[in-house]
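What follows is the residue order along each chain.
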Amino acid sequence: MGSKMKIGSNCFLIRCDLARSMREICTVLEFKEGDVYPYIIAPKSRLDYKIQARLEQVRKPKQGEVQQGYRLFN
């Protein structure tokens, strides 16, 4: 992923074991510059369930995914 996502942005978890079972839309809670797992994200339905993710494990939603609320594409 080229640029960092802002706090509060919609995102999806990809390229990890958890992404295989969790396809729902998440939100970026925190970004720690220079950390191995810089993103702290959480599913929109469970904001208390925090997930640490690497840069390559988080992506912005593609067209139609925000309305659906879950990942349509890998």
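Located above this text is the structure these notes cover.
Each chain has its residues counted from 1, running along the sequence as written. Reporting of local features is limited, given that this is a predicted model, to residues whose pLDDT is at least 70; pairs of side-chain atoms are given and counted only at 80 or more, and all residues count toward the totals for whole chains, interfaces and linings. The side-chain numbers reported here are obtained from all heavy atoms of the structure, hydrogens and water having been left aside.

Chemist: Can you lay out the pattern of salt bridges for me, pointing to particular residues and giving the numbers?
Modeler: The term salt bridge refers to a pairing of a side-chain nitrogen on Lys or Arg with a carboxyl oxygen on Asp or Glu at a separation within 4 Å. As enumerated under the stated definition, the model contains three salt bridges in all. Of the charged contacts in the structure, one is a salt bridge between D17 and R20, with a shortest N-O distance of 3.6 Å. Taken together, the positions of D17 and R20, both in helix α1 (residues 17-21) and three residues apart, correspond to about one turn of that helix. Burial classes follow relative accessibility: with a 1.4 Å probe on protein chains only, a residue under 20% of its type's maximum area counts as buried, one over 50% as exposed, and anything between as partly exposed. For D17, a relative accessible area of 60% translates into the label exposed. Accessibility expressed as a relative area gives 69% for R20, which makes it exposed. Note that E65 and R59 form a salt bridge whose closest N and O atoms lie 2.9 Å from each other. Taking relative accessible area as the criterion, E65 reaches 0% and is therefore assigned buried. Comment: elements are numbered from the N terminus, with helices defined as DSSP H or I runs of at least four residues and strands as E runs of at least two.

Chemist: Describe the packing of aromatic side chains, naming the residues involved and giving the relevant values.
Modeler: Aromatic rings from Phe, Tyr and Trp, taking only the six-membered ring of Trp, are treated as a pair when their centres fall within 6.5 Å; an angle between ring planes under 30 degrees marks them as stacked, one over 60 as edge-to-face, and anything in between as tilted. Applying the stated criterion across every chain yields a total of one aromatic pair. Relative to Y39, the ring of F31 lies with its centre 4.9 Å away and its plane at 65°, an arrangement referred to as edge-to-face. There is no split in this pair, since F31 and Y39 are both buried. To sit over a ring, a charge needs its Lys NZ or Arg CZ within 6 Å of the ring centre and within 35 degrees of the ring normal. Here the basic side chain of R46 rests over the ring of Y49, its NZ or CZ set 4.9 Å away from the ring centre.

Chemist: Any details on unusual backbone geometry? Residues and values, ideally.
Modeler: In this structure, R15 is a non-glycine residue whose phi angle is positive, near 55°. Judged by its relative accessible area of 65%, R15 falls in the exposed class.

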